[in-house]
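Read off the chains here:
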Amino acid sequence: MSLKPRRNDAYHEIIYDSKHLLALYILREKAVFLMSALERFHLPVVAHGSVARGDIKMGSDVDVFITGGVQNSFLVETALEQAGIKIKNRFIIQATPLYAMKAYLEIDDEVSNVSFPLMDLRRVEREFYLFGGEITLSQLKADLRVRGVDKRLMFIEPNLVGHVESSVVGREAFVAKALGISVETVQNRVQALTKRDLVGRTGVFLKKELTPQETFELVLKRLSDFNPAVRRRVLKKKS
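Residues numbered from 1 in each chain as written. Predicted model: local features only at pLDDT ≥ 70, side-chain atom pairs only at ≥ 80, totals over all residues. Heavy atoms only, no water.

For the rest of this paragraph, the subject is a nonpolar patch on the surface. A cluster of nonpolar side chains, namely Ile15, Leu160 and Val161, defines an oily patch on the protein surface of about 370 Å² accessible area. Residue placement: Val161 occurs in the loop between strand 9 (154-158) and strand 10 (162-167). (Patch = residues over 30% accessible without salt bridge, like charges linked within 9 Å, V, L, I, M, F, W, Y side chains within 5 Å. Areas by Shrake-Rupley, 256 points an atom, 1.4 Å probe, with all protein chains shown as cover. Salt bridge = Lys/Arg side-chain N within 4 Å of Asp/Glu carboxyl O. Helix = DSSP H or I, 4+ residues; strand = E, 2+ residues; numbered from the N terminus.)

The next point concerns the packing of helix 1 (residues 18-39) against helix 3 (residues 73-82). Put simply, helix 1 and helix 3 touch, their axes get as near as 8 Å, and they point 125 degrees apart. Comparing the axis directions of helix 1 and helix 3 gives the class oblique. Relative to helix 3, the crossing made by helix 1 is right-handed. Together, Leu34, Ala37 and Leu38 of helix 1 and Val76, Ala79 and Leu80 of helix 3 make up the contact between the two elements. Among the residues forming the contact of helix 1 with helix 3, the class breakdown is six nonpolar, no polar and no charged. (Axes fitted to C-alpha atoms, helices over the stretch in contact; angles between N-to-C directions. Parallel < 35°, antiparallel > 145°, perpendicular 65-115°, else oblique. Left-handed = near helix turned anticlockwise from the far one by under 90°. Contact = heavy atoms within 4.5 Å. Nonpolar A, V, L, I, M, F, W, Y, C, P; charged D, E, K, R; others polar.)

Another point: the sheet that holds strand 5 (residues 102-107). Spatially, 7-2-3-6-5-4-11 is the arrangement adopted by the seven strands of the open sheet, whose pairing is mixed. Of all the strands in the sheet, just strand 7 (134-135) and strand 11 (206-209) have a single pairing partner and so form its edges. With two bridges connecting them, strand 2 (residues 45-48) and strand 7 associate as antiparallel partners. Each residue of the ladder has a partner; that of His48, found in strand 7, is Glu134. (Pairing = 2+ DSSP bridges.)

The residue Glu77 is located in helix 3 in this model. Overall, the relative accessible area of 13% leaves Glu77 in the buried class. Sequence-distant contacts of Glu77, that is, excluding residues within four places in its chain, are made with Ile87, Arg90, Leu105 and Phe216. (Buried < 20%, exposed > 50% of the residue type's maximum accessible area, 1.4 Å probe, protein only.)

Put into structure tokens, the structure is as follows:
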């Protein structure tokens, strides 16, 4: 399916069938398991993306993000290990030179991941998760779904039978207000996703896999010591 924004679409209602609801339930149960393990260690977490909105597709992942600012990676990994959750791969990822570096943990089933910031996030970076839709553990347990925007730049509004979707393009201020985020964030995501549709996926600026012996903090320090751009981003405060 093309990711090109559809500028003239009216509202479309999508009704979920039993197969969709079962697949959503399975993914959400995985999210609850992951989030519960982290919250037992007092780590504030959200699930984000299609699992939060409900409009999952074939191959949808469980994406969990720790929201409480810069985290101690040992605490995060300990929380998962004590719940019997195996970490398959660990990466440091930076989307662009201006974006914060994040820790990214791939869980053993390859469908789930946990991420957290290694440096302070700017407002537009934090609102990225609200833009796509984020949901708390208590909301998941209550079987709620939340508003958010998918990769086609369609605004997803859950209802009792599925969701209603409509284009974000040309309605950026409305969507920003509905999601409680800045117009700047919506415009930023519209620009990024439109560019990706036109030129294709270009990958991330930096993706470094860690060895079993390395910690996120140690690797970040090494990168900062040898790369002035990384060092400047580490020292940059939220704005």
